[in-house]
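Here are the chains, one letter per residue:
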Amino acid sequence: GESVGLHLPTLSVQEGDNSIINCAYSNSASDYFIWYKQESGKGPQFIIDIRSNMDKRQGQRVTVLLNKTVKHLSLQIAATQPGDSAVYFCAELPPGGSYIPTFGRGTSLIVHP
Amino acid sequence: DAGVTQSPTHLIKTRGQQVTLRCSPKSGHDTVSWYQQALGQGPQFIFQYYEEEERQRGNFPDRFSGHQFPNYSSELNVNALWLGDSALYLCASSLVDSRGEQFFGPGTRLTVL
């Protein structure tokens, strides 16, 4: 039979639109969060991070929002481009100086020209 | 700077065999972490090496072992392969205690038949 694990959540957008990718994290004690982008045939690439003492952080065309009350992260990509097509992962790190991120399942972003 | 490199890029093995995967870290990095990424899933942490010692380990059986060499390069060994070991194996390098700032290689795609 077909494996549920093969079906990533998918977001399809038109070029130029804004994209919002959501992530629910598991550990309420996590104090550091990272978004990664993984293109086909490549390893994950760091996009942006945020610490738990912040609720918003902006980078170039990307913004991460953190809602600790509901353990939710979002990644907003402005003016999405075809080169943004990839799988996006959020990752959390627990407190105590852990250096190992725990990755979520990922969302596939497809940008149509 | 070549970044993190891994070899081989693809590998096919049969059940019961053993495999060795190799990783060269980004120049200047001293810490290497290994991850297993099943299809449609986020990377799962296997272990981390620093100063030629296993520093931290994830929830993987003893069939998974590793080594770090004086030049900081690393190997991942998996014994008694079974079908469920089929995955993309990612190596990430960092500086020790650089929280979250890992650079990933492109991975080795292992298929176990």
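This one's a predicted model, so the numbers in the text were calculated from it and none came from an experiment. Throughout this description, residue numbers start from 1 for each chain and increase along the sequence as written. Both sets of labels track the order of writing: A upward for chains, 1 upward for ligands. Residue-level local features of this predicted model are given only where pLDDT is at least 70; pairs of side-chain atoms are given and counted only at 80 or more, and the full residue set underlies all totals for whole chains, interfaces and linings. Excluding hydrogens and water, the side-chain values take into account all heavy atoms of the structure.

(A) Structural view of the overall build of chain B. Helix and strand definitions follow DSSP, with helices as H or I runs of at least four residues and strands as E runs of at least two, each counted in order from the N terminus. In terms of regular secondary structure, chain B is built from 0 helices and 11 strands. Restricting the calculation to C-alpha atoms gives the radius of gyration, and the globule rule supplies 2.2 Å times the number of residues raised to the power 0.38. Against the globule reference of 13 Å for 113 residues, chain B gives a C-alpha radius of gyration of 13 Å, in line with a compact fold. For chain B, the spread of C-alpha atoms along the principal axes amounts to about 35 × 25 × 25 Å. Across chain B, every contact between residues at least 6 apart in sequence was considered, and the portion connecting residues at least 24 apart equals 53%. All accessibility values rest on the Shrake-Rupley procedure with a 1.4 Å probe; residue burial counts only the protein chains present in the view. Split by element, the accessible area of chain B, about 5,300 Å² in all, is 50% carbon and sulfur. In this analysis, two residues are considered to be in contact whenever any of their non-hydrogen atoms come within 4.5 Å of each other.

(B) Region of interest: the sheet that holds strand β7 (residues 64-68) of chain B. Residues and elements named next belong to chain B. The pairing criterion is simple: DSSP has to find at least two bridges between the two strands. In spatial order, the strands read β1-β3-β8-β7; together these 4 strands make up an open sheet with antiparallel pairing. Each edge of the open sheet is held by one strand with a lone partner, namely β1 (5-7) and β7. Put simply, the sheet's adjacent strands are angled 20° from each other on average, direction ignored. Here strand β3 (residues 19-24) pairs with strand β8 (residues 74-78) via 5 bridges, running antiparallel. Of the residues in β8, the one forming a bridge with T20 is N77. Every axis corresponds to a line fitted to the C-alpha atoms, with the helix fit spanning only the stretch in contact, and the corresponding angles, defined between N-to-C directions, vary from 0 to 180 degrees.

(C) Region of interest: empty space enclosed by the protein. Using a grid of 1 Å spacing that covers the protein atoms alone, one calls a set of points a cavity when a 1.4 Å probe fits there but cannot get out, and a pocket when the set is open and has protein on both sides within 12 Å along at least five of seven lines; lining residues are those with an atom within 4 Å of a point. Grid points are joined across faces, edges and corners, and a volume is the space filled by probe spheres set on the points. Summed over the entire model, instances satisfying the criterion amount to 1 cavity of 30 Å³ or more. Looking at the largest cavity, its volume works out to about 30 Å³. Only Asp, Glu, Lys and Arg are considered charged in this grouping, and only Ala, Val, Leu, Ile, Met, Phe, Trp, Tyr, Cys and Pro are considered nonpolar; every other residue, Gly among them, is considered polar. In the lining of the largest cavity, the residues fall into 3 nonpolar, 5 polar and 2 charged.

(D) Region of the structure containing the packing of aromatic side chains. Paired rings are identified among Phe, Tyr and Trp, the last through its six-membered ring, by centres lying within 6.5 Å, and are further divided according to the angle between planes into stacked (under 30 degrees), edge-to-face (over 60) and tilted (the rest). Scanning the entire structure with this criterion turns up 10 aromatic pairs over all chains. Ring plane angle 50° and centroid distance 4.5 Å describe the contact between A:Y25 and A:F33, whose orientation is recorded as tilted. Each of the two residues, A:Y25 as well as A:F33, counts as buried. Site record: aromatic cluster; members linked through ring pairs are A:Y36, A:F89, A:F103, B:Y35, B:F45 and B:F104. To sort residues, take the accessible area from a 1.4 Å probe on protein chains only and compare it with the maximum for the residue type: under 20% means buried, over 50% means exposed, and anything in between is partly exposed.

(E) The arrangement of the nonpolar core in detail. As used here, the term nonpolar core means buried Ala, Val, Leu, Ile, Met, Phe, Trp, Tyr and Cys residues forming a set that is joined through side-chain atoms within 4.5 Å. B:W34, B:I46, B:F64, B:L76 and B:Y89 are the most contacted members of the largest nonpolar core, which totals 20 residues. For this core, the elements supplying multiple residues, two or more each, are β3, β4 (31-37), β5 (44-50), β8, β9 (87-94) and β11 (108-112) of chain B. Listed in part, the 19 residues of the second largest apolar core include A:V64, A:L73, A:I77 and A:V111.

As far as function goes, none of this settles anything; it's purely spatial.
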